[in-house]
Structures are given as structure tokens and as C-alpha cells.
Amino acid sequence: MCVGADRTFSAATRPAIEGLKYLTSSKVEWNDDEESLQASSFSGVSKTGLVYNIFVAVFCSVGSFLFGYDSGIIASVITFDYFKAFVKNPGNYDSLSGAVVSTFTGGCFFGAALAGWTNDRFGRKRSIQLGALIALWGCAMQSGANNFACMLVGRIVAGFAIGILSMTVPLYNTEIAPPKIRGFVVGLAQQMIGIGFIVANWVGYGCQFLKNDIQWRLPLGLQLIPALLLFVGAQWMPYSPRWLLEQGRDEEARGVVYKLHNSRTAEDKAAAEREFMEMQQSIKAEIVVRSRRISDLWATPAMARRTLVAVGVQVFGQFSGINVLNYFGPTMYAPLGLNASQSLLVQGIYGAVGPITNFFFITLILDTVGRKKPLMFGAGSFVVTYSILTAIVASFPPETSTNHAAQRAGIAMIFMTSIFFSVSFGPVSWTLASEVFPTRTRSIGTSVATCANWAFNVLFSQVSNLAMNNVGWKYYVLFIILNAIDFVIIALFFPETKGKSLEEMAKLFGDDIDAREVLGKQHGTEKSDLEDKHVVEHVA
């Protein structure tokens, strides 16, 4: 006769128990001093390990290069005479050219939405390869389109791919980066967006001189090269160690952490082990309480705050108007007195300004001053630049004014907007949106934030060309108002996340999971079960 009930553990609980066994059996000294813990997460990474971290992040960011290239090249393509002839509808060209841009961004929205699931199911590495494979399909359709409908379908497919990559690249870089330089590593995604934009602008400038359909087919087809490189080369990228821990592949995760640290000396191995143990205890504790519901993003006040910060920083990045400048820059230069060729030349120069500024910012400033101050600086700066641009275009209309100094000042304000974006929302938005979530909701949270980015990108890309042609300078007033609101919200509600490990974000947002307490309870339950089992066997 049995006097005890046999208990079973779920598949989600067993990894936590195994993690506890390892933690309790390993000779690891727990350090409760926050500053020491932060230092250990970075100082033990060897120089070779840092080089490897950065190399992997740069290669992964080829996906961001694709994003930047497409954003830049379409601004040139929609101004080409042979592309206009291909569309065959001059009366509705403004609306149709807007559709060429917005179908791409619409595809990005749905790609980013799917990426939340693929990143959890197949991992960050495989999701990047999936995005690259779909990009090959979409870019081939655009370059080889035999009618406008085929072009739009190709834009949607390519957008779907970029949506996956735009969400996954910063997520992957976040999870492999040492805390002390996470801003720099994740900021490389924005850097590669900018480099893609530079390449696209100068390719577009050169292709305007071609005299047949190759004028627009060639620049669109060149996207196949980085897409193929990423698809093949990603095979040699390591898996995210945090994703491996979620899958119960702990030894593989430990191997990746050691590789990222280039752990050859005893000191390097000790630092890598400390980082792995911190990572493991936090993630194993989260597994016990994990669910995959989207409602988890607002289930508690702390999670709701995380979600609002991540979504807010992505939406506010769109309120900067930067993608309006990127997509329709040559169109915006016309009211400032430039012809089509001059507009493309200026756009090419404009494209180089942001990435150069961004490089110095992520290298020297971002991980020093943090996230919040640059965001406030950016929002305040946009209010100033758009105010001046609005005043110039309203006071000196190019169709009636010959004030070349005013026109040059207007162009300067567009350049200054790009510079200010590159030291604020450009690198910070991708970093902040991917680092605020705990591991259990990081994929779906980053996906939702990126979807919000693309939703507003669709909105602005569809209406901007029409707005600039119909209401002119009054359209810029919208960006003055939006950025003034951004400034106040960021100042009041955004936290500072500089230097925090991903596992320490819980304490910052007030929903700290005490990993040792959670795992300790599970260990106590396991011990009780073993005692019950012993009693049953003894009675039997």
C-alpha cells in the first residue's frame, strides 16, 4: 500500500533543477556586489575575444546593410526616367511611387512579426539565414520585374525579409555583447544601415546616366550580393548562448561564452564562467515561470513599462522624420532649388554624413553617456532643425525666391537632422528596444517594438510624397510637434540602462526574479519528492 503520491516534473522545470544541481555543485563564489558583477562581465573578456565579438556583430549586421541599401536605393530609383516609363502611369506617379516604398515597409512589418516566433523556435542564427534567403527571392523579383505588379510583389517579399533581419540582427548582437560595450556592438547595426545607405546613394547617382532599363534594374539587383554573402556566411556564426540555454543545451552555451571570451588563460576562463553562471541562473529561473503569450508584455507594471519604452523608442525614431529624408530626399531638395541631378548628388553626400557621425558616437560616446541623454538631445534638436527648415521653405519659396543662401541653409538643416539622428535615435533605438526585455520575452518584445517601427514607417512612406506636394512646408510642422512631445516623455519615463547586464535589467525595472530563490524552491520540491519516493519504497 502506498502512503505517498508520486509527483512528476514538467519539461520546463527539469532544466531548472539541472541548472540548480550545477550551481550547487560548482565551486563558484556568488558576488552580490553589483559593481563587481558588472565589471566581471566585461573586464575578463580578452582583447582577442572582443575582436571576435565585434567581427561576428559586424558580419551579422550585413542584414542591416541590406536594410540601409534598400532605403537609399529606392529614393534614387523612383526619380529615374526609365523607371517612370516602366510604371506607365504618369498621372498617378506620386501615389504609385509611394506604393513602391510603402509595400516594402508593409512587408517589413509582417516579417518583424513573424521573426518573434522564428527566433524562439529556430534561434537567432537560423532566423538571420531565413531572412537572407527570402531577401534573395525578393531582390531577384524586383530586378527582373516585367510589370509593375511584379515589382510590388518583389517589394513586399524583400520587405518581409528585411523585417526579419531588422528585428533579429540587433537582438543577436545584444545577446552576444559584453555589457560594457553593448551600446557599441548593437550600434553596429545602425552603422551598417548607414554604410548601406551610402553605397546605395552613390550607386543611384552613377546609374542615373545609364540610358535603358538597366538604369533601375542594376541597382536593385546588386542587393543579391550581400544577401547571398549573409546566407552562406551565417553558417559559421555561433548560436546565441542565451537561446541555447533556453533550449536546455547548456554545454553548447558554455562553449559559445568561452569562445566569445577567447578563454585561454585561467583568468579568462574564470571570467567566462562567471558570465555563464549569471546567465544560466537567470534564464533557468525564467524557464520555470515562462510563457509565450503576447499578453506577458503588459502582465505586470514592470513589463508594461519595458514594452512602452521599447515601442516608444522605435516609434519616436520614426517621428524624427529620418526615413522621410531617406526615401524622399531628392524630392525634398526640389523645393530648395536643386534640379534632379543635383538632388541625387546632394543625397549621395548626405548619405555619408550620418554613418561617419554614428561611428564616432558608438565608439566614443554611447557606452559612456548612456541611452537617455542622447535621446533627449535628439528630440530637442529635431524641434530646432525642423523649425528652421519650415521657416526657410515658407519664407523663401523656390518658385518665387532666388535667395540661394536660404536654400543652402535649408539643405544644411536636412544634413543636421541626419547628424543629430546618428547621435541619438539611430543607434540608441535598436540598442534600447532589444536590451530591456528578459530572455523569456525578448524575442516577442523586440518583435512587437520593431513592428511598431515599421507600422509608422509605412504610414510616413505612404503619405509623405503626397503631403510634400500638396501642403508643402506645413508638413514639417507635424515633426516639430511630435518631437516636442517625445522630449517630455523620454525625460519623465525612460530609464538609464547603460552598463547593465541583460540579467540585471529586472532589478532596474522593478520585477527582479531572484534566480537562486526560484531555483531553490524547485530544489526543495525535488528533495521532498525524493524523500516521498524513499518512504514509498520503504513501506512497500
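This section reports on the structure supplied with the text. Just so it is clear, the model here is predicted, and its values are computed rather than measured. (Residues numbered from 1 in each chain as written. Predicted model: local features only at pLDDT ≥ 70, side-chain atom pairs only at ≥ 80, totals over all residues. Heavy atoms only, no water.)

**Looking at the nonpolar core**
- If you look at the biggest cluster of nonpolar residues, it comprises 76 residues, and the most contacted ones within it are Val77, Phe83, Phe86, Ile128, Ile162 and Trp216.
- Tallying contributions element by element places helix 8 (residues 148-176) first for this core, with 14 residues.
- Beyond its immediate sequence surroundings of up to four residues, tryptophan 216 is in contact with Val77, Phe80, Tyr82, Phe83, Phe86, Gln142, Ala145 and Met151.
- In terms of nonpolar packing, the next biggest core, distinct from the first, is built from 61 residues, Leu50, Ala177, Leu325 and Leu389 among them. (Core = buried A, V, L, I, M, F, W, Y, C linked by side-chain atoms within 4.5 Å. Buried < 20%, exposed > 50% of the residue type's maximum accessible area, 1.4 Å probe, protein only. Helix = DSSP H or I, 4+ residues; strand = E, 2+ residues; numbered from the N terminus. Contact = heavy atoms within 4.5 Å.)

**Some thoughts on empty space enclosed by the protein**
- According to the stated counting rule, one finds 3 cavities of 30 Å³ or more in the structure shown.
- Its boundaries defined by the atoms lining it, the second largest cavity holds a volume of some 70 Å³.
- Around the second largest cavity sit 13 residues that line it, and Asn53, Ile176, Leu260, His261 and Glu275 are the ones nearest its centre.
- Put simply, the parts of the chain that give the lining of the second largest cavity at least two residues each are helix 8, helix 12 (241-246), helix 13 (250-261) and helix 14 (266-289).
- Per-element tally for the lining of the second largest cavity: the top contributor is helix 13, with 3 residues. (1 Å grid on protein atoms, 1.4 Å probe; cavity = no way out; pocket = protein on both sides within 12 Å on 5 of 7 lines; lining within 4 Å. Points joined across faces, edges and corners; volume = space filled by probe spheres on them.)

**Remarks on helix 21 (residues 425-435)**
- Counting buried residues in helix 21 gives 11 out of 11 residues, a clear majority hidden from the surface.
- Among the residues of helix 21, those classed as buried are Phe425, Gly426, Pro427, Val428, Ser429, Trp430, Thr431, Leu432, Ala433, Ser434 and Glu435.

**As for helix 7 (residues 124-143)**
- Its 20 residues place the ends of helix 7 28 Å apart at the C-alpha level, agreeing with the 28 Å of an ideal helix rising 1.5 Å per residue.
- The element helix 7 is largely enclosed, with a buried count of 15 among its 20 residues. (Expected span 1.5 Å × (residues − 1).)

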